[in-house]
Amino acid sequence: MKFLSREIDLSRPKVMGVLNVTPDSFSDGGKFNSLDLAIKQAEQMAACGAAFIDIGGESTRPGAVEVSLDEELDRVCPVVEKISKNLDVVVSVDTSSPELMQESVALGAGLINDVRALQRDGAQSVALSLGVPVCIMHMQGSPEMMQNNPLYCSVVDSVIDFLTGRADQLVKAGFDPDKIIVDPGFGFGKTLEHNLQLLNKIEELATAKLAGNKYPVLVGVSRKSMIGEILGKPINERVIGSVAAATIAAYKGASILRVHDVKETVDALSVVQALLEG
Ligand code: 8Y4
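About the cut-offs
- Residues numbered from 1 in each chain as written.
- Predicted model: local features only at pLDDT ≥ 70, side-chain atom pairs only at ≥ 80, totals over all residues.
- Heavy atoms only, no water.
- Core = buried A, V, L, I, M, F, W, Y, C linked by side-chain atoms within 4.5 Å.
- Buried < 20%, exposed > 50% of the residue type's maximum accessible area, 1.4 Å probe, protein only.
- Helix = DSSP H or I, 4+ residues; strand = E, 2+ residues; numbered from the N terminus.
- Contact = heavy atoms within 4.5 Å.
- Axes fitted to C-alpha atoms, helices over the stretch in contact; angles between N-to-C directions.
- Parallel < 35°, antiparallel > 145°, perpendicular 65-115°, else oblique.
- Left-handed = near helix turned anticlockwise from the far one by under 90°.
- Nonpolar A, V, L, I, M, F, W, Y, C, P; charged D, E, K, R; others polar.
- Salt bridge = Lys/Arg side-chain N within 4 Å of Asp/Glu carboxyl O.
- Pairing = 2+ DSSP bridges.
- Phe/Tyr/Trp six-rings, centres within 6.5 Å; stacked < 30°, edge-to-face > 60°.
- Arc of directions from axis to C-beta.
- Polar contact = N/O pair within 3.5 Å; in protein donor to acceptor, adjacent residues only side chain to side chain.
- 1 Å grid on protein atoms, 1.4 Å probe; cavity = no way out; pocket = protein on both sides within 12 Å on 5 of 7 lines; lining within 4 Å.
- Points joined across faces, edges and corners; volume = space filled by probe spheres on them.

**Re the nonpolar core**
Here's step 1: Residues I55, I83 and I136 are the most contacted members of the largest nonpolar core, which totals 69 residues.
Here's step 2: If one sorts the elements of this core by residue count, helix α5 (residues 155-172) sits on top with seven residues.
Here's step 3: Ignoring sequence-local partners within four residues, the contact set of I55 consists of L19, V21, V76, V79, V80, I83, V91, S92, V93 and D94.
Here's step 4: Counting residues in each nonpolar core, the second largest holds 13 residues, with M1, A51, F52 and L218 among its members.

Here it is in structure tokens:
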């Protein structure tokens, strides 16, 4: 798939490193909120084999304070610009805001990662005009409310129906089907049980034709509460569990693994790939 100026071969699974530039981001306690530290972390992730770096300035954690557009732009743009210029990675911008999508792609971002699947006013038409690939994700409810008793008849069917509908709308609006990535949205309005059902059916999602087209699947389970619930462990003790889950997702056909622990995940995937191909 072509991401602005870089071609990434998704026939083998690739790793997307998470770079949070929110001061309150759950996972690094806001350690990397200054430009220098963000760039250093990105350099390390690139050196460890990340093909993508996902940069986000809005926390979707339940209870997180909403950031203003100006603040999101201020946090994200300098990081997008510097990483796009200096590192051999595709910069992914984690945003639902059409303004930030536009600005980021102008600064070199090659992928739009929108947890709201381009459903905000103006997002779909801006993404279409920018011409870069997009990742559309399933979420039930809104970030503030989504973990209050999520219910499904079938979570797998709901996710597939939603992603099919969105992909279909995008293609009908003129979007190139070869520029769409889909994501079941682990933890976004889902209990542990729902997440496990989804992970078990990743193969189905990865091989399914949604509205006539096959789309690469992105999976983000890294350090999430589903790992914490299984292990009974806090965020800083979820690395091995996260790597295990990402490895299984890749084995079942996921193309991009969104992770905090790039080196560990790349090593695990390299070994699995060698075993499968040997
Ligand atoms: C611990 C660790 C607790 C992580 C919560 C979290 C996804 C995503 C996020 C995802 C795509 C997060 C931006 C939530 N998750 N984008 N973004 N897919 N495409 N929570 O699964 O990491 S942020």
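**Observations regarding the packing of helix α3 (residues 98-106) against helix α4 (residues 123-130)**
Here's step 1: Interhelical geometry of α3 versus α4 gives an angle of 15° and a closest axis separation of 9 Å. Regarding the angle of α3 to α4, the classification is roughly parallel. Crossing angle aside, the handedness with which α3 passes α4 is right-handed. Between α3 and α4, the residues in contact are P98, M101, Q102 and V105 and A123, V126 and L130, respectively.
Here's step 2: Looking at the contact of α3 with α4 residue by residue, the classes come out as six nonpolar, one polar and no charged.

**Section: the pattern of salt bridges**
Here's step 1: Using the criterion set out here, one finds eight salt bridges in the structure.
Here's step 2: For R223, the salt bridge is made with D261, and the minimal N-O distance between the two is 2.8 Å. Here R223 is found in the loop between β9 (218-219) and α8 (225-231), whereas its partner D261 is found in the loop between β10 (256-259) and α10 (262-277), with 38 residues between them in sequence. When sorted by exposure, R223 lands in the same class as D261, which is buried.

**A short note on the sheet that holds strand β3 (residues 14-20)**
Here's step 1: What the eight strands build is an open sheet, ordered β8-β7-β6-β5-β4-β3-β10-β9; its pairing is parallel. Strands at the two margins of the open sheet, each flanked by one partner only, are β8 (180-183) and β9.
Here's step 2: Of the strands in this sheet, β3 and β4 (52-56) are in contact with helix α1 (residues 35-47), which crosses β3 at around 170°.

**Here's the deal with the packing of aromatic side chains**
For any two aromatic rings, the description comes down to two numbers: the centre-to-centre distance and the angle of the planes.
Here's step 1: Scanning the model with the defined rule gives one aromatic pair in all.
Here's step 2: With a centroid separation of 5.0 Å and an interplanar angle of 80°, the aromatic rings of F3 and F52 are classed as edge-to-face. Taken as a pair, F3 in strand β1 (residues 2-3) and F52 in strand β4 lie far apart in primary sequence, 49 residues in all. This pair shows no difference in class: F3 is buried, exactly as F52 is.

**A closer look at unusual backbone geometry**
Here's step 1: Positioned with a positive phi, L4 is a non-glycine residue whose angle comes to about 55°.
Here's step 2: Position of L4 among the secondary structure elements: in the loop between β1 and β2 (6-7).

**Topic: α4**
Here's step 1: Three or more residues of α4 are buried, namely A123, V126 and A127. Down the axis of α4, the sector holding all buried residues measures 100°, keeping them to one side.
Here's step 2: Tucked inside the fold, the buried residues of α4 contact α3, β6 (111-114) and β7 (134-137).
Here's step 3: Positioned one or two residues after α4, G131 has a phi angle of 80°, which is positive.

**Remarks on the side chain of D261**
Here's step 1: The buried category is assigned to D261, whose relative accessible area is 9%.
Here's step 2: There is a polar contact of 2.8 Å between the side chain of D261 and the side chain of R223.
Here's step 3: Not counting chain neighbours up to four residues away, the residues in contact with D261 comprise S222, R223 and V239.

**Remarks on empty space enclosed by the protein**
Here's step 1: Within this structure, the stated rule accounts for one cavity of 30 Å³ or more.
Here's step 2: For the largest cavity, the calculated volume is near 40 Å³.
Here's step 3: As for the largest cavity, its lining consists of V156, V159, I160, P184, L198, K201, I202 and L205.
Here's step 4: Only α5 and α7 (202-207) provide two or more residues apiece to the lining of the largest cavity.
Here's step 5: A total of three residues in the lining of the largest cavity trace back to one element, the largest contributor, which is α5.
Here's step 6: A class-by-class count of the residues in the lining of the largest cavity yields seven nonpolar, no polar and one charged.

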